[in-house]
Every structure is written in structure tokens, then in C-alpha cells.
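Report on the structure
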Amino acid sequence: MKGGTGIKNQDLLSTLAASGSQKCPFGYPERFFAAVMFAGTAPDEIELDDETRLLLYALFQQTTEGSNTTSRPWGPFVSSLEQAKWDAWQHCGKMPATESSRLYVVTLENACPQWWQLLSEGNKPAKVLGNAVSL
């Protein structure tokens, strides 16, 4: 897992600052799918702390799968990470997908305010399914 939060490379930070305070060109739900794509393929200069990655995982699950109805993992071979992921998703309760997708984007924007500018030109937002945010 990565430690730290935000941008660690000063050159990248300077590039983003020089680009101005442009607005993200994507609306919803494309903005959510683009954020998922970015979080899953973020450059090494972007570091998300474990708490942020766990929150992104839970919000992604809530948006794409709905409320957590699975049994809590337990037993001698279940990792504390698997339990933490389950707990985080369970904590979302019955939050609507529209709200969890919005919170996903807000969480990512708090860690990297202009994340969308770092998407490569070939990466257009599209529906992303699966575990895009790996822990």
C-alpha cells in the first residue's frame, strides 16, 4: 500500500498550478468513471494514503454494487485488510449510488485537485467495472 497523501513531485504540482483553475470538463456519471480510471492508474507522483484508498474502495463498491449485503469475513485466514474493506463498505449503509459516486469524486479531488488533467488523452471516461481501486 502506498503511504502519504497527495502529490509528491514538485514538477507535477507546478504544472498543475500553471494550468490554472480550469473546471473538470466531465459531468456525471462520466466524471465518476473518469475518477475511477484515474485512481486505478494514477501516476507514481500521486500518493493516496491508506485511509483514502479504503474510502475510495467503499464508495466504488457502494456506487457499483449497492449496499453491502455480504457476510463479514472472518476466520484465521482472513486478513485485516479484507475486514477493513468490508467494514468501510458496510459503513456506507443505504447511501444512494448518486451520492456515493459524488463523494468518490470529492474524495479524489481532495487528494489531487486537478486529477482529470492527468488523464492521458487516450483515456476517455467509460464505464469501469471491477476492482479499479486496489488496496
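Residues numbered from 1 in each chain as written. Predicted model: local features only at pLDDT ≥ 70, side-chain atom pairs only at ≥ 80, totals over all residues. Heavy atoms only, no water.

**A short note on the overall build of the chain**
Across its full length, the chain holds five helices and two strands. Seen in sequence order, the chain has helices and strands lined up from the N terminus as β-α-α-β-α-α-α. When each of the 135 residues of the chain is scored for burial, the buried share is 37%. Of all intrachain contacts in the chain linking residues separated by at least 6 positions in sequence, the fraction that spans at least 24 positions is 84%. Split by element, the accessible area of the chain, about 7800 Å² in all, is 53% carbon and sulfur. (Helix = DSSP H or I, 4+ residues; strand = E, 2+ residues; numbered from the N terminus. Buried < 20%, exposed > 50% of the residue type's maximum accessible area, 1.4 Å probe, protein only. Contact = heavy atoms within 4.5 Å. Areas by Shrake-Rupley, 256 points an atom, 1.4 Å probe, with all protein chains shown as cover.)

**Re the packing of aromatic side chains**
Taken as a whole and assessed by the stated rule, the structure comprises four aromatic pairs. For the pair Phe38 and Trp115, a centre-to-centre distance of 6.0 Å together with 45 degrees between the ring planes defines the contact as tilted. Of the two residues, Phe38 sits in helix H2 (residues 30–41) while Trp115 sits in the segment after helix H5 (97–111), which places them 77 residues apart along the sequence. We note that Phe38, like Trp115, is buried. The rings of Phe32, Phe33, Phe60 and Tyr104 are connected pair by pair, giving a single aromatic cluster. Against the face of Tyr57 rests Lys85, its NZ or CZ located 4.7 Å from the ring centre. (Phe/Tyr/Trp six-rings, centres within 6.5 Å; stacked < 30°, edge-to-face > 60°. Lys NZ or Arg CZ within 6 Å of the ring centre and 35° of its normal.)

**Things to note about the confidence of the model for the chain**
Per-residue pLDDT for the chain averages 79, and the proportion of residues at 70 or more is 72%. Low confidence marks residues 1–20, where pLDDT is under 50. Its contacts with residues over four positions away, or in another chain, come to 39 contacts. Low pLDDT (under 50) marks residues 126–135, which in the prediction has 26 contacts with non-local residues, meaning those over four places away or in another chain. (pLDDT = per-residue confidence, 0-100.)

**Some details on the nonpolar core**
The nonpolar side chains of a soluble globular protein tend to be buried, and buried together. Ranked by size, the top nonpolar core spans 29 residues in total, and within it Phe26, Phe32, Phe38, Tyr104, Trp115 and Leu119 carry the most contacts. Counting residues per element, the ones that place at least two in this core are H2, helix H3 (50–65), helix H4 (80–91) and H5. At eight residues, the largest contribution of residues to this core is made by H2. Residue contacts for Leu119: discarding those within four places in its chain leaves Phe26, Ala34, Met37 and Phe38. (Core = buried A, V, L, I, M, F, W, Y, C linked by side-chain atoms within 4.5 Å.)

**Examining the packing of H3 against H4**
Angle between the axes and distance between the axes: these two values describe a pair of packed helices. Contact pair H3 / H4: the axes reach a minimum separation of 8 Å and the direction vectors enclose 55 degrees. As judged from the angle between their axes, H3 and H4 are oblique. Judged by the twist between their axes, the crossing of H3 over H4 is right-handed. Residues Leu54, Tyr57, Ala58, Gln61, Gln62 and Glu65 of H3 form the contact with H4, whose participating residues are Ala84, Lys85, Ala88 and Trp89. (Axes fitted to C-alpha atoms, helices over the stretch in contact; angles between N-to-C directions. Parallel < 35°, antiparallel > 145°, perpendicular 65-115°, else oblique. Left-handed = near helix turned anticlockwise from the far one by under 90°.)

**Section: the pattern of salt bridges**
Any two side chains of opposite charge can pair if their charged atoms end up close together. Per the counting criterion, the structure on display carries four salt bridges. Note that Asp87 is salt-bridged to Arg72, the shortest N-O span being 2.9 Å. Residue Asp87 is found in helix H4, and its partner Arg72 is found in the loop between H3 and H4; the two are separated by 15 residues along the sequence. For Glu99, the salt bridge identified is with Arg102, shortest N-O distance 2.9 Å. Of this pair, Glu99 and Arg102 both sit in helix H5, three residues apart, roughly one helical turn. Its relative accessible area of 30% is what places Glu99 among the partly exposed residues. (Salt bridge = Lys/Arg side-chain N within 4 Å of Asp/Glu carboxyl O.)

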